[in-house]
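Structural features, examined
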Amino acid sequence: PTTSSPTDVNRTGAVMAAAFSRLVNETGTFGPGGPSSTEYLVQTRLDPAAGDATGSVTDSRRPLTGPERTAIEDTLVAFGTVRWIDDPAEWRTAQLTPVIPGSMILGVGEPVIDGDTALVPMSLWCGGLCGTWLTYRVANVDGSWTVTGTEGPIAVS
């Protein structure tokens, strides 16, 4: 598989949006009842820690493209307010919680797309002992990108 190129923004935006939907609507719910947050602080650049809490998966910090941001925001707005942030460290308190109570800091790494499947590294931060880093496997099923599972290790704090 090769890393997707920024010129294929419709496809990368679609796989990112599918991953964000699963991250917020299922992984980040912390139990039944739907999303546990109403505000999402989304990183404007690729997150080097996405998929791996150590940040060793990639060192890429390219900005998300306009179409990628639109696809992500169109997906997340159904769950709550979306705020784009440049530096997640500026949005954490000394106690490591997001500065906006009840919010989550979300990040995505560069998707690796191979035909009709993709791997999308993701991160979710909601406190010093509240975070998830994983990689979703996303597949194009009947013309729609859908998360079909995870790939590799999952880190939870």
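Residues numbered from 1 in each chain as written. Predicted model: local features only at pLDDT ≥ 70, side-chain atom pairs only at ≥ 80, totals over all residues. Heavy atoms only, no water.

1. Examining the overall build of the protein chain
For the protein chain, the helix and strand inventory stands at 2 helices and 9 strands. When each of the 157 residues of the protein chain is scored for burial, the buried share is 45%. Long-range contacts, defined here as pairs at least 24 residues apart, represent 58% of the contacts in the protein chain between residues at least 6 apart. When the accessible surface of the protein chain is totalled, it reaches about 7,300 Å², and 52% of it is carbon and sulfur. (Helix = DSSP H or I, 4+ residues; strand = E, 2+ residues; numbered from the N terminus. Buried < 20%, exposed > 50% of the residue type's maximum accessible area, 1.4 Å probe, protein only. Contact = heavy atoms within 4.5 Å. Areas by Shrake-Rupley, 256 points an atom, 1.4 Å probe, with all protein chains shown as cover.)

2. Quick notes on unusual backbone geometry
Positive phi outside glycine occurs at Leu 96, with the angle close to 75 degrees. Phi at Asp 142 takes a positive value of approximately 55 degrees, unusual for a residue other than glycine. Note on placement: Asp 142 falls in the loop between β7 (130-141) and β8 (144-150). Residue classification places Asp 142 among the exposed positions, given a relative accessible area of 83%.

3. A word on the packing of aromatic side chains
On inspection of all chains with the given rule, the structure shows 1 aromatic pair. With centroids separated by 6.2 Å and ring planes inclined at 70 degrees, the aromatic side chains of Trp 125 and Trp 133 adopt a geometry described as edge-to-face. Take Trp 133: its relative accessible area is 10%, and that puts it in the buried class. The ring of Trp 84 has Arg 69 sitting right over it, with the charged end atom 4.5 Å from the ring centre. Here the guanidinium or amino end of Arg 92 rests over the ring plane of Trp 125, the centre of that ring lying 4.2 Å away. (Phe/Tyr/Trp six-rings, centres within 6.5 Å; stacked < 30°, edge-to-face > 60°. Lys NZ or Arg CZ within 6 Å of the ring centre and 35° of its normal.)

4. Topic: the state of the cysteines
One pass over the structure, following the stated rule, counts 1 disulfide. Between Cys 126 and Cys 130 runs a disulfide, and the two sulfur atoms are separated by 1.7 Å. Because the torsion about its S-S bond is -65 degrees, the bridge between Cys 126 and Cys 130 counts as left-handed. With respect to burial, Cys 126 and Cys 130 carry one shared label: buried. (Disulfide = S-S within 2.5 Å.)

5. A look at the nonpolar core
Counting residues in hydrophobic clusters, the biggest one holds 30 residues, and the most contacted among them are Val 42, Leu 76, Leu 106, Met 122 and Val 138. Those elements giving two or more residues to this core turn out to be α1 (9-25), β2 (39-43), α2 (66-76), β3 (81-85), β4 (104-108), β6 (117-127), β7 and β8. Considering every element that reaches this core, the biggest residue donor is α1, with 7 residues. (Core = buried A, V, L, I, M, F, W, Y, C linked by side-chain atoms within 4.5 Å.)

6. Re the confidence of the model for the protein chain
Where the model shows low pLDDT, its predicted coordinates should not be examined in detail. For the protein chain, per-residue confidence averages 88 on the pLDDT scale, and 84% of positions sit at 70 or higher. The secondary-structure element of the protein chain with the lowest mean pLDDT is strand β1 (residues 2-3), recorded at 44, while β3 shows the highest, at 97. Confidence drops under a pLDDT of 50 for residues 1-7, and excluding neighbours within four residues, the segment shows 14 contacts in the predicted structure. (pLDDT = per-residue confidence, 0-100.)

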